[in-house]
Amino acid sequence: MKINTTNLAKNFIKENISNGDIVIDATMGQGNDTLFLRQLVGENGFVYAFDIQKEAIEATKYRLIENNVYNSVSLILDGHQNIDKYIGNDVISCVVFNFGYLPKGNHNIATKPDTSIIAIKKCLQLLKIKGVISLCVYQGGDTGFEEKDAILDFVKNLDYNKYTVIVSDFFNRPNYPPIHIKIIKEM
Ligand code: SAH
């Protein structure tokens, strides 16, 4: 199978979290990343997962139960722009964003540039030193370019002493494939 944005994200996440860590899935969707994170942090760790759609919460809950890991997880029906209300003083190792809309859901219910940037900002504050954020960002088609442009503009301007930002683009692939962004908190 050819490498894609999802593989890039998964490898990055796996390299940067350990059993017992507290992590966040900022865009639950079907719960793929919530399950992946929960399996990596184990029951001594904790996963906070967010989505604004009830369907996402239900699908994710089912997926976790099916895999016998419906504990050490909190599934929160709220926008990721409110993330700080739920986390308290926990020190976060990793935050995962998978933007856009649910492929099998309503394409009108998608992440939006303004709230996405607020959420990323808040997550940068919540991260421990050497904590990471993984962002899968979509473009083209129904999605357009507004969110991708806003996110790239935001990360481009992060202080390079405090954060390392790496952007991966499948440069010679057609049809505007999604890009992957890694952010590492350095200090
Ligand atoms: N585009 C990806 C899937 C992304 S799912 C793919 O093709 O695989 C994105 C999820 O983010 C959706 O379930 C949507 O409901 C959710 N979402 C939209 N706005 C949100 C917000 N402000 N906070 C949290 N989740 C949000």
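A brief structural summary. All values reported here derive from a predicted model rather than from experimental measurement.

## Points about the packing of helix H1 (residues 5-16) against helix H2 (residues 32-41)
No. 1: Running from amino to carboxyl end, H1 crosses H2 at an angle of 25°, the nearest separation of the two axes being 10 Å. Judged by the inter-axis angle, H1 sits roughly parallel to H2. Between H1 and H2 the crossing geometry is right-handed. Of H2, the residues touching H1 (which contributes Lys10, Ile13 and Lys14) are Phe36, Leu37 and Leu40.

## Examining the side chain of Thr34
No. 1: Looking at the secondary structure, you find Thr34 in helix H2.
No. 2: Within the structure, the side chain of Thr34 is placed 2.7 Å from the side chain of Asp25, a separation counted as a polar contact.
No. 3: Leaving out residues up to four positions away in the same chain, Thr34 has contacts with Asp25, Met28, Val47, Ala49, Thr60, Leu64, Val73 and Leu75.

## Description of the pattern of salt bridges
No. 1: Per the stated rule, a full pass over the model turns up two salt bridges.
No. 2: Across the pair Asp84 and Lys122 runs a salt bridge whose closest N-O atoms are separated by 3.0 Å. Taken together, the positions of Asp84 in helix H4 (residues 84-87) and Lys122 in helix H5 (residues 113-126) put the pair 38 residues apart, joining distant regions of the chain.
No. 3: Residue classification places Asp84 among the partly exposed positions, given a relative accessible area of 39%.
No. 4: Two residues, Glu186 and Lys130, come together in a salt bridge whose shortest N-O distance is 2.4 Å. In this pair, Glu186 is assigned in the segment after strand S7 (179-185) and Lys130 in strand S5 (residues 127-137), connecting sequence segments 56 residues apart.

## A look at the sheet that holds strand S6 (residues 163-168)
No. 1: Read across the open sheet, the seven strands follow the order S3-S2-S1-S4-S5-S7-S6; overall the sheet is mixed. One side of each edge strand has no neighbouring strand; the edge strands of this open sheet are strand S3 (73-77) and S6. Taken pair by pair, the neighbouring strands of this sheet meet at an average axis angle of 15°, ignoring direction.
No. 2: In terms of strand pairing, strand S4 (residues 92-98) meets S5 through six bridges, oriented parallel.

## Here's the deal with the site of the ligand
No. 1: Around the ligand sit 18 residues in total, of which Asp51, Gln53, His80, Gln81 and Phe99 are the nearest.
No. 2: For the ligand, a nitrogen atom lies 2.8 Å from a polar atom in the backbone of His80.
No. 3: Contacts to the ligand include Gln81, whose side-chain N or O atom sits 3.0 Å from a nitrogen atom.
No. 4: Coverage of the ligand by the protein amounts to 89% of the 580 Å² it exposes when considered alone.
No. 5: Of the residues in the shell around the ligand, the class split is eight nonpolar, nine polar and one charged.

## Structural notes on the nonpolar core
No. 1: Ile24, Val95, Phe97, Ile120, Ile133, Leu135 and Ile183 are the most contacted members of the largest nonpolar core, which totals 29 residues.
No. 2: Ignoring anything within four residues of it in the chain, the contact list for Ile24 reads Leu37, Tyr48, Phe50, Ile83, Ile87, Ile92, Cys94, Val95, Val96 and Leu126.
No. 3: Leu35, Phe36, Leu37 and Ala49 belong to the second-largest nonpolar core, a separate cluster that totals 20 residues.

## Things to note about the packing of aromatic side chains
Given two aromatic rings, one states the distance between the centres and the angle between the planes to describe the pair.
No. 1: Overall, the coordinates contain four aromatic pairs when judged by the stated rule.
No. 2: Both rings, one in Phe50 and one in Tyr86, keep their centres 5.6 Å apart while their planes meet at 70°; by these two values the pair is edge-to-face. You can see Phe50 sitting in strand S2 (residues 46-51) and its partner Tyr86 sitting in helix H4, a full 36 residues away along the chain.
No. 3: Since its relative accessible area comes to 0%, Phe50 is described here as buried.
No. 4: You can call Tyr86 partly exposed: its relative accessible area is 33%.
No. 5: Between Phe97 and Phe99, the aromatic rings sit 5.1 Å apart at their centres with planes inclined by 15°, giving stacked as the arrangement. Per residue, the accessibility class of Phe97 equals that of Phe99, and both read buried.
No. 6: Sitting above the plane of the Phe36 ring, Lys10 keeps its charged end 4.8 Å from the centroid.

Definitions and cut-offs
- Residues numbered from 1 in each chain as written.
- Predicted model: local features only at pLDDT ≥ 70, side-chain atom pairs only at ≥ 80, totals over all residues.
- Heavy atoms only, no water.
- Axes fitted to C-alpha atoms, helices over the stretch in contact; angles between N-to-C directions.
- Helix = DSSP H or I, 4+ residues; strand = E, 2+ residues; numbered from the N terminus.
- Parallel < 35°, antiparallel > 145°, perpendicular 65-115°, else oblique.
- Left-handed = near helix turned anticlockwise from the far one by under 90°.
- Contact = heavy atoms within 4.5 Å.
- Polar contact = N/O pair within 3.5 Å; in protein donor to acceptor, adjacent residues only side chain to side chain.
- Salt bridge = Lys/Arg side-chain N within 4 Å of Asp/Glu carboxyl O.
- Buried < 20%, exposed > 50% of the residue type's maximum accessible area, 1.4 Å probe, protein only.
- Pairing = 2+ DSSP bridges.
- Near = heavy atom within 4 Å.
- Areas by Shrake-Rupley, 256 points an atom, 1.4 Å probe, with all protein chains shown as cover.
- Nonpolar A, V, L, I, M, F, W, Y, C, P; charged D, E, K, R; others polar.
- Core = buried A, V, L, I, M, F, W, Y, C linked by side-chain atoms within 4.5 Å.
- Phe/Tyr/Trp six-rings, centres within 6.5 Å; stacked < 30°, edge-to-face > 60°.
- Lys NZ or Arg CZ within 6 Å of the ring centre and 35° of its normal.

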